[in-house]
Amino acid sequence: PISHSLTAAGDAKISDAQSKWGNGSGLFDGNGDYVSLPAHASLNLGTNIFYIGCWVYPLALANAFGSILSSNHATWQSGAAAFNFGQNSKFRLSCFLFSAAIESTVNLDLNMWQYLVATRVGNQFALYKNGSACGAGTQTAAVNFASNTAVRIGGNSWDGANGYANAHLQDL
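Residues numbered from 1 in each chain as written. Predicted model: local features only at pLDDT ≥ 70, side-chain atom pairs only at ≥ 80, totals over all residues. Heavy atoms only, no water.

Caption draft 1: Spotlight on the state of the cysteines. On inspection of all chains with the given rule, the structure shows zero disulfides. In this structure Cys 54 is not part of a disulfide, and its nearest cysteine sulfur, from Cys 134, lies 15 Å away. Assessed through its relative accessible area of 0%, Cys 54 is described here as buried. (Disulfide = S-S within 2.5 Å. Buried < 20%, exposed > 50% of the residue type's maximum accessible area, 1.4 Å probe, protein only.)

Rendered as structure tokens:
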């Protein structure tokens, strides 16, 4: 296992108000909160097989691109990547180099825990909600969350107020 140093910004915090299990979850209020970790090669997924999963308890879907995990580029540019939710009540995996985001075909549920997953095998991507397939696509581009920048949990830096999650997040 690789250990990463985490730094909270805004009023991101551990909350005991909700948790899938245990004593708490990360609480992000959709207003400038995020947790950052330094760039590390382990977060550059490239074209390798990968799995990203997180328990999410959305409190609101008003922000169009509430990020679960994102690169910390100042703008949506080459190297930027995000696993996020909000727009049209869907969740998605997007990368600047993709021709189109991989987006779910099902809506998220407010005020309920749901397990969201994005996978890659070869050039095939799939999305899952609570274990059921709900989105797929083909892309050849590499997915690199830490391409010389820090990585953020709960918010991104290129969508302004629309980039912050208003949710509890657990077990990313």
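Caption draft 2: Structural context of the side chain of Gln 139. With respect to the secondary-structure elements, Gln 139 resides in the loop between β13 (132-138) and β14 (143-144). Residue Gln 139 is classed as buried on the basis of its relative accessible area, which comes to 8%. A distance of 3.2 Å separates a polar side-chain atom of Gln 139 from the backbone oxygen of Ala 100. The contact partners of Gln 139, leaving out residues within four places of it in the chain, are Phe 98, Ser 99, Ala 100, Ile 102, Arg 120, Asn 123 and Phe 125. (Helix = DSSP H or I, 4+ residues; strand = E, 2+ residues; numbered from the N terminus. Polar contact = N/O pair within 3.5 Å; in protein donor to acceptor, adjacent residues only side chain to side chain. Contact = heavy atoms within 4.5 Å.)

Caption draft 3: Region of the structure containing the pairing of strand β7 (residues 65-71). Of all the seven residues making up β7, six are buried; the element is thus mostly covered by neighbouring parts of the structure. Here five bridges tie β7 to strand β8 (residues 81-86), and the two strands are oriented antiparallel to one another. Among the inter-strand pairings, Gly 66 is bridged to a residue of β8, identified as Phe 85. (Pairing = 2+ DSSP bridges.)

Caption draft 4: Summary view of the sheet that holds strand β12 (residues 124-129). Taken in spatial order, the seven strands make up an open sheet running β2-β3-β16-β6-β11-β12-β13, and their pairing is antiparallel. Each edge of the open sheet is held by one strand with a lone partner, namely β2 (13-15) and β13. Going across the sheet, the axis of each strand differs from the next one's by a mean of 30°, ignoring polarity. Bridge analysis of strand β6 (residues 50-58) against strand β16 (residues 166-170) gives four bridges, and the strand direction is antiparallel. Across the sheet, Trp 55 pairs through a bridge with Gln 170, a residue of β16. (Axes fitted to C-alpha atoms, helices over the stretch in contact; angles between N-to-C directions.)

Caption draft 5: Quick peek at the sheet that holds strand β9 (residues 91-95). Read across the open sheet, the seven strands follow the order β1-β4-β15-β7-β8-β9-β10; overall the sheet is antiparallel. The strands lining the two open edges of the sheet, one partner per strand, are β1 (7-9) and β10 (102-103). Looking at chain direction, β7 and strand β15 (residues 151-153) are connected through three bridges and run antiparallel. Note that in β15 the partner of Leu 69 across the bridge is Ile 153.

Caption draft 6: Just unusual backbone geometry, in detail. Of note, Asn 88 is a non-glycine position whose phi angle comes to about 60°, a positive value. Following the sequence through the fold, Asn 88 ends up in the loop between β8 and β9. If you check the backbone angles, Asp 171 has positive phi at about 60° while not being a glycine. Looking at where Asp 171 falls in the secondary structure, it is placed in the segment after β16.

Interpretation note: all reported values are geometric properties and have no functional meaning in isolation.
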